[in-house]
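Architecture at a glance
This is what each chain is made of:
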Amino acid sequence: CPQDGLSHFVPTEQCPRPQWDDRLQFRPDKDTYAVGEELRLTCPGRLKPSFTIVICAKESLGLGFGKPDYGGVWWGMNSTGAWMHIVSSVWCVGK
């Protein structure tokens, strides 16, 4: 299950499509994604995405006005199969 390493995140219902490299091709290709839904990324030609599988989760940002405050974060699976927080963006890069 892709969420095995993400159990400390609190899910919400949907996440908007990420605004990364314009050349990225999303599978499935839609405007919003359910939390926990695997999103596969490809690039045109001989380019390769910096992450090929990403997933959205909501991370606790602490307390805001006495209530828990959550923000959306994207995680990507690295080459060893471990999930890593995507700090900035995902790009199409040369092989």
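This text goes with the structure placed above it.
Attention here is on the structure that accompanies the text. (Residues numbered from 1 in each chain as written. Predicted model: local features only at pLDDT ≥ 70, side-chain atom pairs only at ≥ 80, totals over all residues. Heavy atoms only, no water.)

Quick look at the overall build of the protein
Looking only at helices and strands, the protein has zero helices and nine strands in total. Across the protein, helices and strands are ordered from the amino to the carboxyl terminus as β-β-β-β-β-β-β-β-β. Taken over 95 residues, the protein has a buried fraction of 35%. When contacts within the protein are restricted to residue pairs at least 6 apart in sequence, long-range pairs at least 24 apart make up 39% of them. When the accessible surface of the protein is split by element, carbon and sulfur atoms take 52% of a total near 6,100 Å². (Helix = DSSP H or I, 4+ residues; strand = E, 2+ residues; numbered from the N terminus. Buried < 20%, exposed > 50% of the residue type's maximum accessible area, 1.4 Å probe, protein only. Contact = heavy atoms within 4.5 Å. Areas by Shrake-Rupley, 256 points an atom, 1.4 Å probe, with all protein chains shown as cover.)

A look at the nonpolar core
If you look at the biggest cluster of nonpolar residues, it comprises 16 residues, and the most contacted ones within it are Trp20, Leu24, Leu41, Val54 and Trp74. Secondary-structure elements contributing two or more residues to this core are strand 4 (39-42) and strand 6 (53-64). Those residues in contact with Val54, other than ones at most four positions away along the chain, are Trp20, Glu37, Glu38, Leu39, Leu41, Trp74, Trp75, Gly76, Trp83 and Ile86. Of all hydrophobic cores here, the second largest spans six residues; its members include Ile53, Ala57, Val73 and Trp75. (Core = buried A, V, L, I, M, F, W, Y, C linked by side-chain atoms within 4.5 Å.)

Some points on the state of the cysteines
Taken as a whole and assessed by the stated rule, the structure comprises two disulfides. Between Cys15 and Cys56 runs a disulfide, and the two sulfur atoms are separated by 2.1 Å. Between Cys15 and Cys56, the S-S dihedral sits near -75°, and the bridge is therefore left-handed. With a gap of 41 residues between them, Cys15 in strand 1 (residues 14-16) and Cys56 in strand 6 connect regions that are remote in the sequence. For Cys56, a relative accessible area of 3% translates into the label buried. Paired by a disulfide, Cys43 and Cys92 hold their sulfur atoms 2.1 Å apart. (Disulfide = S-S within 2.5 Å.)

Quick look at the packing of aromatic side chains
Applying the stated criterion to the full structure yields two aromatic pairs. Here Trp20 and Trp74 contribute two aromatic rings whose centre-to-centre distance is 5.6 Å and whose plane-to-plane angle is 75°, an arrangement assigned as edge-to-face. Of this pair, Trp20 sits in the loop between strand 1 and strand 2 (25-27) while Trp74 sits in strand 7 (residues 67-77); the two residues are 54 residues apart in sequence, bridging distant segments of the chain. This pair shows no difference in class: Trp20 is buried, exactly as Trp74 is. Aromatic side chains Tyr33 and Trp74 sit 6.5 Å apart centroid to centroid with 80° between the ring planes, which places their arrangement in the edge-to-face category. Of this pair, Tyr33 sits in strand 3 (residues 32-34) while Trp74 sits in strand 7, and the two are 41 residues apart along the sequence. Chaining the aromatic ring pairs together yields one cluster made of Trp20, Tyr33 and Trp74. (Phe/Tyr/Trp six-rings, centres within 6.5 Å; stacked < 30°, edge-to-face > 60°.)

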